[in-house]
Number of protein chains: 2
Amino acid sequence: MPVSPYHPPMTTPDLSAALNREQANEELFDLLRIPSVSADPTRTADMAATAEFLRAKLAGLGFTARIDPTAGHPVVYAERLNAPGKPTVLIYGHYDVQPEAPLEEWVTPPFEPTVRDGRIYARGSTDDKGQAYAHVKGVELLLTQGELPVNVKFLLEGEEEIGSPNLEPYLRDHAEELKADVIVISDGSRFAPDVPTITYGVRGLSYVEIHVQGANRDLHSGSYGGAAPNPINALAEIITRLKDDQGRVTIPGFYDGIDDLTDTERQMWADLPHDDAAFAASIGVPALPGEAGYTTLERLWGRPTLDVNGIWGGYQGEGSKTVIAAKAGAKVSMRLVPGQDPERITRLISEYVPTLAPAGTTAVVHPHHGGRPFKFDLNSPYNLAANRALKRVFGREAVFARTGGSIPIVAAFNDLLHAPVLFVDLGLNEDAPHSPNESFAVSDYHNGILTSAYLLQELGAPTTAE
Amino acid sequence: MPVSPYHPPMTTPDLSAALNREQANEELFDLLRIPSVSADPTRTADMAATAEFLRAKLAGLGFTARIDPTAGHPVVYAERLNAPGKPTVLIYGHYDVQPEAPLEEWVTPPFEPTVRDGRIYARGSTDDKGQAYAHVKGVELLLTQGELPVNVKFLLEGEEEIGSPNLEPYLRDHAEELKADVIVISDGSRFAPDVPTITYGVRGLSYVEIHVQGANRDLHSGSYGGAAPNPINALAEIITRLKDDQGRVTIPGFYDGIDDLTDTERQMWADLPHDDAAFAASIGVPALPGEAGYTTLERLWGRPTLDVNGIWGGYQGEGSKTVIAAKAGAKVSMRLVPGQDPERITRLISEYVPTLAPAGTTAVVHPHHGGRPFKFDLNSPYNLAANRALKRVFGREAVFARTGGSIPIVAAFNDLLHAPVLFVDLGLNEDAPHSPNESFAVSDYHNGILTSAYLLQELGAPTTAE
């Protein structure tokens, strides 16, 4: 059922005093110690252990909790439906994390959570174990005050970092059970440390591998150099030709059907406290290259991209090897915006890349996975409730932004559960998700717990009329 | 002293019957079993063992033989100077080999020599253990007939595959002892199986690494894609811009001062039995890209090149990782021709590459090593003696070619020992030196032994006046 906009306001206690922060930290550290890397086939046991950790915790909170197997890593599902007549809130999160490579760049081991300068350093600390667990603790915090003000369902998956290949079938099979009025997701970054943020859109993704073949074997670069095709040089040329000198992707049809940014959005983002120089400085670069004709925020949130995420070929070892490799490859991802269909984009690049292969080489594209872009109603009652919750924690209105990141299954929620999605971002970009030394501010973790608790209150019993 | 062109002819016995082929094979296999990879710092003990193997063998043949340490891997030096009044021949070879990577592509282990279809498969079988050891066995074969007809010195180094960083100082320190009338080198490929070949020129080499830096850490390609510089895309663009659409290297000054090919050379090579289609088929490619305006043989032997020998950056593991890497790198080698100075070329690319770095990235060049190009008198008495020796083995005149490969210390021999260099190539391109499944035809090994023996005879007592 929808939230009644006319529900009389109620006073709510300050939950901050009731939060046992040390206990909350210890529990998260235990969760972060399990190396739940979904892309690593040698860690399936760790994935299962992580799922059991979460199931046991939620069962301990009086939830009906279970682990549902899938064709890949399992799903943790839990529900506590003791608020008849109140909305049902489905909280989604993922317990899998990115690979930790390159390991040597971590100051402390990725799976030994360490607090430095008020930050919890560990793989998954912010993406998404920390943000997901903040909701678990938020619910626990509310339970210290009595029954939950809404019906709560947890859906915690283990394959988000590899494109959630099995979640859509899961949602389809459990559509009735998962029915909810709103789906809450915390898997992103606030605009700035002091700026609570509600995200109303995510970019989609098309992730592929390009493989280039030259000769039928590695060749001596002296005996053959000058006449034999070089697949590494060829791959470099293919990658270069995928963009023009204006930073636009050259794949034919790539931009067809894109929802242009509205004047409202461009103005709203132009008003945000963003500074290109400070942004560039925050990542240590002298300039911010990108598509001509758009601001940095527009490029990050509202425009598609193409980035090479990995490349390999020939001799990478110590010393020198004078060889012309037989083959080379690269991992390439394209971030997509509303109006672009991942499957269509993957087909377009799969058709285009072979035509770019220089003489003597062949190039093929192997699709990895994709995710649909998504844009959500700016003025839904859920967004307004989240704004009030955030205001109680941060003391100021939230800003409405989009994220450049992708949560592939958001579209599936929309299609299969027919429920709106509410993004409440608890992290920060400087958390460095997907990078060595990923971290999550201790204060953000604690504020996240409070935000979750207040949000459930606001969804169940708004403190102000709308 | 020079060979007297008026020395009366003498008859020489056919040494073929005297060659114990099985014994020759067993000895070479023992040599090939030692993994003497000079680029691998974990194999210094294997390098020393290989040097001792050769020293002991030559000592057993009555040579004064020793191992001379260098700042890197040791040199094996041996001499037998019992032919007063006869020329002194210095035979150069190298006992180090290329790294065996990628190991998984070897049909049989690289350091377990295996004979299949008349070929010896092992790393170093042709480059250069097999060709160098053919001379050791050639000398042994001659000794079965009596004293050697010339004074013979062996110089076997262990750092050719890493650019011979310590050989030049060694030659300088031992210039008097190494004095010779001619230096014989067998470290290359014949033009074709039935075409004995004398090589009168080698290309030079400039080998560098390009390192590109983007942000100060790996970034989430969703949160930053579209605004953050991508060092892999940048590296691809830099590599692409190092050549134009005519296959010409764009480094300013790269072609300055090159000795153009003479009409004689272009005609001589045009007359060789070369077929582009067959050459392309031999390496399994549909086309032979390269510098416009030159034939394949001209591009391979007489024109400079630029090839990427290795590239890396970002995530290369299983699955997908949506990351924008902080840095990327590539190993790049340029083959040089007479008129190009490796140090100058290395300086030119080191100055040029940084100017190609796209906005937001920085690119630097780290020099690896170089080698000077070299061209040698087509009509020297040594070339003519080699031609007679080869005719006795193959029954036909040799062709005079150049090689696209580099033997960096050839120029040093010329400068420091003031002796001409004679290349007698015993291998074939299909031996696949530097590649997985490197091999050396058993018949080429045995013919090499006979060629070496006849060559020493022809140098000591020509069978025909010139």
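Here is what the cut-offs are and how they apply
- Residues numbered from 1 in each chain as written.
- Chains lettered and ligands numbered in written order.
- Predicted model: local features only at pLDDT ≥ 70, side-chain atom pairs only at ≥ 80, totals over all residues.
- Heavy atoms only, no water.
- Helix = DSSP H or I, 4+ residues; strand = E, 2+ residues; numbered from the N terminus.
- Rg over C-alpha atoms; globule rule 2.2 N^0.38 Å.
- Buried < 20%, exposed > 50% of the residue type's maximum accessible area, 1.4 Å probe, protein only.
- Contact = heavy atoms within 4.5 Å.
- Lys, Arg positive; Asp, Glu negative; His and termini not counted.
- Charge placed at Lys NZ, Arg CZ, Asp CG, Glu CD.
- Pairing = 2+ DSSP bridges.
- UniProt positions renumbered as here; feature names shortened; annotations may be inferred.
- Axes fitted to C-alpha atoms, helices over the stretch in contact; angles between N-to-C directions.
- Least-squares fit on C-alpha atoms with pLDDT ≥ 70 in both.
- Expected span 1.5 Å × (residues − 1).
- Polar contact = N/O pair within 3.5 Å; in protein donor to acceptor, adjacent residues only side chain to side chain.
- Core = buried A, V, L, I, M, F, W, Y, C linked by side-chain atoms within 4.5 Å.
- Parallel < 35°, antiparallel > 145°, perpendicular 65-115°, else oblique.
- Left-handed = near helix turned anticlockwise from the far one by under 90°.
- Nonpolar A, V, L, I, M, F, W, Y, C, P; charged D, E, K, R; others polar.
- Buried area = accessible area lost by both parts, 1.4 Å probe.
- Salt bridge = Lys/Arg side-chain N within 4 Å of Asp/Glu carboxyl O.
- pLDDT = per-residue confidence, 0-100.

- Under the annotation held in an unreviewed UniProt entry, chain A carries the name Peptidase M20 dimerisation domain-containing protein and is attributed to Deinococcus daejeonensis.

Section: the overall build of chain A
Point 1. Per the secondary structure count, chain A includes 13 helices and 18 strands.
Point 2. For chain A, the C-alpha radius of gyration of 24 Å lies close to 23 Å, the compact-globule estimate for 466 residues.
Point 3. The dimensions of chain A, computed from C-alpha atoms along their principal axes, are 80 × 50 × 45 Å.
Point 4. Counting only residues that meet the buried cut, chain A has 63% of its 466 residues in that class.
Point 5. For chain A, contacts bridging at least 24 residues in sequence account for 81% of all contacts bridging at least 6.
Point 6. With 38 positive and 61 negative side-chain charges, chain A shows a spacing of 1 Å between the two charge centroids.

A few points about the pairing of strand S8 (residues 197-202) of chain A
Residue and element names in this part refer to chain A.
Point 1. Burial runs high along S8: 6 of the 6 residues are buried.
Point 2. Sheet analysis places S8 next to strand S16 (residues 399-403), joined by 4 bridges and oriented parallel. Each bridged residue has a counterpart across the sheet, and for Ile198 the counterpart in S16 is Phe400.
Point 3. Note: S8 against strand S15 (residues 374-375), 2 bridges, orientation antiparallel. What sits directly across from Gly201, in S15, is Lys375.

Section: the UniProt feature "domain: Peptidase M20 dimerisation" (unreviewed entry) in chain A
Point 1. When the UniProt feature table is mapped to this numbering, "domain: Peptidase M20 dimerisation" (unreviewed entry) covers residues 201-359 of chain A.
Point 2. For residues 201-359 of chain A, the helix share is 32%, the strand share is 21%, and the end-to-end C-alpha distance is 42 Å.

Comments concerning the sheet that holds strand S5 (residues 119-121) of chain B
All names here are of chain B.
Point 1. Taken in spatial order, the 3 strands make up an open sheet running S4-S5-S18, and their pairing is antiparallel. Two strands close off the open sheet at either side, each with one partner strand: strand S4 (114-116) and strand S18 (439-441). Going across the sheet, the axis of each strand differs from the next one's by a mean of 30 degrees, ignoring polarity.
Point 2. Where S4 meets S5, 3 bridges bridge the pair, whose relative direction is antiparallel.

A few points about the environment of B:Tyr445
Residues and elements named next belong to chain B.
Point 1. Considering the arrangement of structural elements, one finds Tyr445 in helix H13 (residues 442-460).
Point 2. Exposure remark for Tyr445: the relative accessible area of 0% places this residue in the buried category.
Point 3. Distance from Tyr445 to Thr296, taken between C-alpha atoms, is 28 Å for residues 149 residues apart in sequence.
Point 4. Discounting residues that sit within four places of it in the chain, Tyr445 has contacts with Ala24, Asn25, Leu28, Gly130, Tyr133, Ala134, Lys137 and Phe440.

Re the relation of the copies chain A and chain B
Point 1. Rotating chain A by 180 degrees about the axis while translating it 0.0 Å along that axis superimposes it on chain B, leaving an RMSD of 0.1 Å. A rotation of that kind, with that shift, is consistent with a two-fold axis.
Point 2. Here 99% of the interface residues in chain A have copies in chain B that are interface residues too; the copies meet face to matching face.

Brief notes about helix H1 (residues 21-32) of chain A
Structural remark: α-helix, 3.6 residues per turn; residues separated by three or four positions point the same way.
Residues and elements named next belong to chain A.
Point 1. For H1, which comprises 12 residues, the first-to-last C-alpha distance of 16 Å matches the rise-based estimate of 16 Å (1.5 Å per residue) to within 8%.
Point 2. Within H1, the full set of buried residues consists of Ala24, Asn25, Glu27, Leu28, Phe29, Leu31 and Leu32.
Point 3. Looking at the buried residues of H1, the elements they touch are helix H2 (44-60), strand S4 (114-116), strand S5 (119-121), helix H3 (129-143) and helix H13 (442-460).
Point 4. In this structure Asn20 caps H1, since a side-chain oxygen of it lies 3.3 Å from the backbone nitrogen of Glu22.

Brief notes about the sheet that holds strand S11 (residues 307-314) of chain B
Point 1. If you walk across this open sheet you meet the 8 strands as S14(A)-S9(A)-S13(A)-S11(A)-S11(B)-S13(B)-S9(B)-S14(B), and the pairing is antiparallel. Lying at the two open borders of the sheet, with one neighbouring strand each, are strand S14 (362-371) of chain A together with strand S14 (362-371) of chain B. Going across the sheet, the axis of each strand differs from the next one's by a mean of 15 degrees, ignoring polarity.
Point 2. In this structure, strand S9 (residues 204-213) of chain A lies alongside strand S13 (residues 327-336) of chain A, joined through 10 bridges in antiparallel fashion. Bridge pairing links A:Val212 to A:Ala328 in S13(A).
Point 3. Here helix H6 (residues 231-241) of chain A sits on the sheet and contacts S9, strand S11 (307-314), S13 and S14 of chain A together with S11 of chain B; the angle it forms with S13(A), its principal contact strand, is near 15 degrees.
Point 4. Where helix H10 (residues 342-356) of chain B meets the sheet, it contacts strand S9 (204-213), strand S13 (327-336) and S14 of chain B, and its direction lies at approximately 170 degrees from that of S14(B).

Observations concerning the side chain of A:Thr346
Point 1. With respect to the helices and strands, A:Thr346 occurs in helix H10 (residues 342-356).
Point 2. Residue class for A:Thr346 comes out buried when judged on its relative accessible area of 13%.

Here we look at the nonpolar core
Point 1. If you look at the biggest cluster of nonpolar residues, it comprises 106 residues, and the most contacted ones within it are A:Leu58, A:Phe154 and A:Phe413.
Point 2. Take this core: its biggest share by element is 9 residues, from H13(A).
Point 3. Discounting chain neighbours no more than four positions away, the residues touching A:Phe413 are A:Leu90, A:Tyr92, A:Leu155, A:Leu167, A:Leu171, A:Ile183, A:Ile185, A:His418, A:Ala419 and A:Val421.
Point 4. Judged by nonpolar contacts, the second largest core, of 104 residues, contains B:Leu28, B:Leu90, B:Ala192 and B:Phe279.

Some points on the packing of H6(A) against helix H6 (residues 231-241) of chain B
Think of two packed helices as two axes; the pair is described by the angle between the axes and how far apart they sit.
Point 1. Close contact between H6(A) and H6(B) brings their axes to 8 Å; oriented N to C, the two are set at 115 degrees. Judged by the inter-axis angle, H6(A) sits roughly perpendicular to H6(B). Between H6(A) and H6(B) lies a crossing whose hand is left-handed. Across from A:Asn233, A:Ala236, A:Glu237, A:Ile239 and A:Thr240 in H6(A), the residues of H6(B) making contact are B:Asn233, B:Ala236, B:Glu237, B:Ile239 and B:Thr240.
Point 2. A class-by-class count of the residues in the contact of H6(A) with H6(B) yields 4 nonpolar, 4 polar and 2 charged.

Description of the interface of chain A and chain B
Point 1. With 87 residues of chain A at the contact, the number on the chain B side is 86 residues.
Point 2. Contact between chain A and chain B buries roughly 7,100 Å² in total, counting both sides, with carbon and sulfur atoms accounting for 53%.
Point 3. Our enumeration of links across chain A and chain B arrives at 2 salt bridges.
Point 4. With a shortest N-O distance of 3.1 Å, B:Glu105 and A:Lys327 are connected by a salt bridge.

So, the confidence of the model for chain A
Residue and element names in this part refer to chain A.
Point 1. Averaged over all residues, the pLDDT of chain A is 93; the fraction at 70 or higher stands at 96%.
Point 2. A low-confidence stretch, residues 1-11 stays under pLDDT 50, and its non-local contacts, those more than four residues away or across chains, total 24 contacts.
Point 3. Interface confidence for the predicted complex, expressed as ipTM, amounts to 0.76; the pTM equals 0.76.

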